[in-house]
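This is what each chain is made of:
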There are 4 protein chains.
Amino acid sequence: MLEELKKKVYEANILLPKYGLVTFTWGNVSAIDRESGLFVIKPSGVDYDTMTPDDMVVMDLNGNKVEGKLNPSSDTPTHVEIYKAFKEVGGVVHTHSSYATSWAQAGRSIPCYGTTHADYFYGEIPCVRCLTKDEIESAYEENTGHLIVNEFNRMEKDPVAVPAVLCKNHGVFTWGKDAHEAVHNAVVTEEVAKMAYRCEVINPDVKPAPQELQDKHYYRKHGANAYYGQK
Amino acid sequence: MLEELKKKVYEANILLPKYGLVTFTWGNVSAIDRESGLFVIKPSGVDYDTMTPDDMVVMDLNGNKVEGKLNPSSDTPTHVEIYKAFKEVGGVVHTHSSYATSWAQAGRSIPCYGTTHADYFYGEIPCVRCLTKDEIESAYEENTGHLIVNEFNRMEKDPVAVPAVLCKNHGVFTWGKDAHEAVHNAVVTEEVAKMAYRCEVINPDVKPAPQELQDKHYYRKHGANAYYGQK
Amino acid sequence: MLEELKKKVYEANILLPKYGLVTFTWGNVSAIDRESGLFVIKPSGVDYDTMTPDDMVVMDLNGNKVEGKLNPSSDTPTHVEIYKAFKEVGGVVHTHSSYATSWAQAGRSIPCYGTTHADYFYGEIPCVRCLTKDEIESAYEENTGHLIVNEFNRMEKDPVAVPAVLCKNHGVFTWGKDAHEAVHNAVVTEEVAKMAYRCEVINPDVKPAPQELQDKHYYRKHGANAYYGQK
Amino acid sequence: MLEELKKKVYEANILLPKYGLVTFTWGNVSAIDRESGLFVIKPSGVDYDTMTPDDMVVMDLNGNKVEGKLNPSSDTPTHVEIYKAFKEVGGVVHTHSSYATSWAQAGRSIPCYGTTHADYFYGEIPCVRCLTKDEIESAYEENTGHLIVNEFNRMEKDPVAVPAVLCKNHGVFTWGKDAHEAVHNAVVTEEVAKMAYRCEVINPDVKPAPQELQDKHYYRKHGANAYYGQK
């Protein structure tokens, strides 16, 4: 069942330690088959070293397990909400990658200080608030997903143009058209988090990059007039 | 004698350089066999590269060597006090891991700024005071153990829920149900020390994570209602 | 066509990930054959892992592709301007290397705080301003090149003595007598950016190294009286 | 000639890149044969990758080359002065290791903030002043050696108890009873420089470790009453 997708999700999960984004089991990747409405996700708390494609868990968008001998990631309900609300998203990643999580712990969005950021994210990477006591105590992971979706709606952010979010005092979610692109965006989030951190130390009065430069770089790589790469 | 435990303690010691927690010989791991009351510990000042399971030293809880051709770690008396006072502890680790030791040198406890921390430690990782001149000059390492134990008692901290401590101007001790878990907690201590450091640079006015979020993550992984992983 | 140069440019590009200067495809190296006026450059958006010498693109100094099945780097027009203005330059590198780009994002030139810097760069590594809206919207990459050249002229900086520049809110360009030396200078730029960052944290009132020390180290390695190395 | 010593000096030099203390050729190690008064040193500007034991250069304490086809390190006259003044020293290392050099650039001695430092260095690692214009312009490297020796004399520091020095705006010299120990001390210098840097960020009002703790750790490893290790 969804063998091809399981393999891709497995490989995308394995990229997390390869890129230095996770310690132990602190991260997970999923990807969805939009036709069937089923998605494949990493099992909970399983080591990357011993994991196999067969360990991947198949879920539906009601959060029910459809196939798999292991429990899915405890963050599964957050993935569900992202897939349900963001229709263009094909893959979702959650990590506690070090610099990005430091921004999340600090409760700050990552400003766009340069073209490295603008090449991938249109504007700042937002940090959404902590959940309330009530939201935490009932359906915590699902409410995390609701909050992300609601905040993107409220801020009128296009999840395709801003494929990452920080959750205050928690960690990072990124997404993309598939699992591989979602991991790619997780790597970029960590890199821009690192450079933004250092940038503010070097110049505490630094301002975000001019809007026209952000536009230039974002649209150099995205949309009808993109001219970066071999497309 | 305790061949199985020697092998495990050896392997746990080898993990210290693997995880980047030690430079040269700056660290040691021990584990106890609660039935016999004997524990196995790394020999003092021996290189991780050349060490073998046979080099491990067997000690009793009076601090006497029971077996082994080499001297035990000079920190052995500290391990003894931890085993004597914290009955649930099966393994102890001492390191000078870089970020955690920077907090220890700074004389500050590591606040719980997020769920990475809360997943493993209930509340801040405490930094205990320096020993007095008298405590240093007589039985320094034993007094380090006494201080850790006394401070946990005074602060009414459960060593199972807070399996790590910083010693001011010195380094880190962590523990766990066995040597492997103690090393695991040493890795997590270093990771949360790193993120807390950066977090405070990003937002000097940052506050600890809300108590309800700390509770949620700690009890998601620990206790009767835990639902993380495959248990 | 220019097979030898393609191989050298390929190898120099491969050094970028080897030295930790690039993530994904965020960098490019070119080198020029001054006799023919043609230069060889990395193709745009191609992975370092799968790239071969044959993928290199041959360009002329009017920015026309002379040979190659792939599109050249989108930064090609910047390379063109550097080659046209700086006649001693044989190779050019562009990266978003982490510390140097943090300085670029912060909009600050890197002061010469020590002999590591002075051994390679005579005086500070300048950070040139952002392009204006007009400059960005028409021929962005070419205008980046014009700006670098104009600013070096205005500041009366010799590009041989200062083989690196930061572009505000963007990244780094370095150059040298060939592709290999240009990469070498990119490594040094990143190292001195890292040390200057930390140096200012350690002593916020730090001043640049005395001019006589800068002179000593620069001329120990460069010019008629150099005595470093085996020359 | 001194084949054994050449091999040891070669191996000690190779440790510099292995421990991450040097970029390119930015470092050198020497060791002395006190009986003959000759010392062996790395050749100038030669890559660690291609260097062989045969490339090592034999020098006397008047700074004359005794054997070797290559030029000795340009820092040779500094090594000479250290050997001449510090009779217990058998090996000398010079690096631009990143954190320690950041302290040198900042013009600050590294305070003893903890036992990691106290285990190896008795008190702060001093940063000596820049050379004057006159000292730089005549016999720069020799004057660097004179300054180090004079400052240790003036501060009444025992070079055996403080086997490292920072040279303002420049880099680091360390030494030891042989080349291997000198490299070991270079590694420790970098580690304590890193932790002292972070420590001051975590607590800007941090004070050095209490003298009695520094004494305890230093004398736990050194002198007649040492009990660390297997001696």
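From a predicted model like this one, the values you see are computed outputs, not experimental measurements. Position labels on residues start from 1 in each chain and follow its written sequence. Here the convention is simple: chains get letters from A, ligands get numbers from 1, in the order in which they are written. pLDDT decides what is reported in this predicted model: residues at 70 or higher carry local features, side-chain atom pairs at 80 or more are listed and counted, and totals for whole chains, interfaces and linings draw on all residues regardless. Think of the side-chain values as coming from all heavy atoms in the structure, minus any hydrogens and water.

*Asks:* Could you clarify how one ought to interpret the side chain of Glu200(A) in this entry?
*Replies:* With respect to the helices, strands and loops of the structure, Glu200(A) is situated in helix H7 (residues 179-202). Here Tyr113(A) takes part through its side chain, which lies 2.6 Å from a polar atom of the side chain of Glu200(A). In this description, contact between two residues means that some pair of their heavy atoms is separated by no more than 4.5 Å. Setting aside residues no more than four positions away along its own chain, Glu200(A) makes contact with Trp103(A), Arg108(A), Pro111(A), Tyr113(A), Val206(A) and Ile202(B). Only DSSP runs of H or I with at least four residues qualify as helices, and only runs of E with at least two residues qualify as strands; both kinds are numbered from the N terminus onward. N or O atoms closer than or at 3.5 Å make up a polar contact, with two conditions inside protein: a donor-capable atom paired with an acceptor-capable one, and, for residues adjacent in sequence, both atoms drawn from side chains.

*Asks:* In this structure, what is going on with the interface of chain A and chain B? I would like to understand it.
*Replies:* A common way to report how large an interface is uses the accessible area buried once the components associate. Contact with chain A, which involves 33 residues of that partner, is made by 34 residues of chain B. Computed with a 1.4 Å rolling probe, the buried area is the accessible surface lost when two parts are put together, summed over both parts. When the buried area of chain A at its contact with chain B is split by residue, Phe24(A), Trp26(A) and Gln105(A) rank highest and sum to 22% of it. A pair is scored as a salt bridge if a Lys or Arg side-chain nitrogen falls within 4 Å of a carboxyl oxygen belonging to Asp or Glu. Viewed at the interface, chain B and chain A are joined by two salt bridges. Linking Glu141(A) and Arg220(B) is a salt bridge whose minimum nitrogen-to-oxygen distance equals 2.7 Å. Connecting chain A to chain B are 18 residue pairs in polar contact (both at pLDDT 80 or more).

*Asks:* Explanation requested: the UniProt feature "domain: Class II aldolase/adducin N-terminal" (unreviewed entry) in chain A in the structure shown.
*Replies:* What UniProt calls "domain: Class II aldolase/adducin N-terminal" (unreviewed entry) maps, in this numbering, to residues 7-197 of chain A. Between the first and last C-alpha atoms of residues 7-197 of chain A the distance is 35 Å; the span itself is 39% helix and 18% strand. UniProt positions are given in the numbering used here, feature names are shortened, and annotations may be inferred rather than shown by experiment.

*Asks:* Would you mind showing me how to read the interface of chain D and chain C here?
*Replies:* Taken together, the contact pairs 33 residues of chain D with 34 residues of chain C. Taking both sides of the interface into account, the surface hidden between chain D and chain C amounts to around 2900 Å²; carbon and sulfur atoms contribute 56%. At the boundary of chain D with chain C, the tally comes to two salt bridges. Between Arg220(C) and Asp75(D) there is a salt bridge, with its nearest N and O atoms 3.6 Å apart. Viewed at the interface, chain C and chain D are joined by 18 residue pairs in polar contact (both at pLDDT 80 or more). Broken down by secondary-structure element, the contributors of at least two residues to the side of chain D that touches chain C are helix H3 (98-106), helix H5 (133-137), helix H6 (140-154) and helix H7 (179-202) of chain D. Broken down by element, the side of chain D that touches chain C gets its largest block of residues, seven residues, from H3(D). Looking at the side of chain D that touches chain C residue by residue, the class counts come to 13 nonpolar, 13 polar and seven charged. By the convention adopted, Pro, Cys, Tyr, Trp, Phe, Met, Ile, Leu, Val and Ala count as nonpolar, Lys, Arg, Asp and Glu as charged, and the other residues, Gly among them, as polar.

*Asks:* Which parts of the structure should I look at to understand the sheet that holds strand E4 (residues 65-67) of chain A?
*Replies:* In a beta sheet, neighbouring strands pair by backbone hydrogen bonds and run either parallel or antiparallel. Residue and element names in this part refer to chain A. Strand order in the open sheet formed by eight strands is E4-E3-E2-E1-E5-E8-E7-E6, with mixed pairing between adjacent strands. Both edges of this open sheet fall to E4 and strand E6 (127-128), since each of them pairs with a single strand only. For two strands to count as paired, DSSP must find a minimum of two bridges between them. Relative to strand E2 (residues 38-41), strand E1 (residues 27-33) is paired through four bridges, and the arrangement is antiparallel. Bridge assignment links aspartate 33 to a residue of E2, and that residue is leucine 38.

*Asks:* How do you make sense of the pairing of strand E2 (residues 38-41) of chain C when you look at a structure like this?
*Replies:* Along any regular strand the residues' side chains alternate between the sheet's two faces. All names here are of chain C. Side chains Leu38 and Val40 project from E2 onto one buried face, and the interleaved Phe39 and Ile41 project onto a second face that is buried too. In the sheet, E2 pairs with strand E3 (residues 57-60) via four bridges, with the strands oriented antiparallel. Note on E3: the bridge partner recorded for phenylalanine 39 is methionine 59. The rule is simple: take the accessible area with a 1.4 Å probe, protein chains only, and divide by the maximum for that residue type; under 20% is buried, over 50% is exposed, in between is partly exposed.

*Asks:* Would you explain the arrangement of the chains in this entry?
*Replies:* Left apart from each other, chain B and chain C have a closest C-alpha approach of 11 Å. Left apart from each other, chain A and chain D have a closest C-alpha approach of 11 Å.

*Asks:* Is there a simple way to think about the pairing of strand E5 (residues 91-95) of chain D in this case?
*Replies:* Residue and element names in this part refer to chain D. The element E5 is extensively covered by neighbouring structure, given that five of its five residues are classed as buried. Side chains Gly91, Val93 and Thr95 project from E5 onto one buried face, and the interleaved Val92 and His94 project onto a second face that is buried too. Alignment of strand E1 (residues 27-33) against E5, held across five bridges, turns out to be antiparallel. Within E5, the residue paired with glycine 27 across the bridge is threonine 95. Judged from the five bridges that link them, E5 and strand E8 (residues 172-176) form a sheet pairing that is antiparallel. In the sheet register, histidine 94 faces E8, and the bridge partner there is phenylalanine 173.

*Asks:* What should I look at first to understand unusual backbone geometry in this one?
*Replies:* Look at Asn169(B): it is not a glycine, yet its phi comes out positive at around 60°. Judged by relative accessible area, Asn169(B) falls into the buried class, the value being 0%.

*Asks:* Hey, could you run me through the packing of aromatic side chains in this one?
*Replies:* For Phe, Tyr and Trp, rings pair up if their centres lie within 6.5 Å, where Trp contributes its six-membered ring, and each pair is then called stacked (planes under 30 degrees apart), edge-to-face (over 60) or tilted (otherwise). Taken as a whole, this structure holds 44 aromatic pairs over all chains when the rule is applied. Each ring, one from Phe24(A) and one from Tyr19(B), has its centre 5.6 Å from the other, and the planes form 70°; the classification is edge-to-face. Note that Phe24(A) is positioned in the loop between helix H1 (3-18) and E1 and Tyr19(B) in the loop between helix H1 (3-18) and strand E1 (27-33), a pairing that runs across two chains. On the basis of relative accessibility, which here comes to 33%, the residue Tyr19(B) falls in the partly exposed class. Where Phe86(D) meets Trp175(D), the ring centres are 5.3 Å apart and the plane angle is 55°; that geometry is what we call tilted. Taken together, the positions of Phe86(D) in the loop between helix H2 (76-85) and E5 and Trp175(D) in strand E8 put the pair 89 residues apart, joining distant regions of the chain. Note on accessibility: Phe86(D) and Trp175(D) belong to one class, buried.

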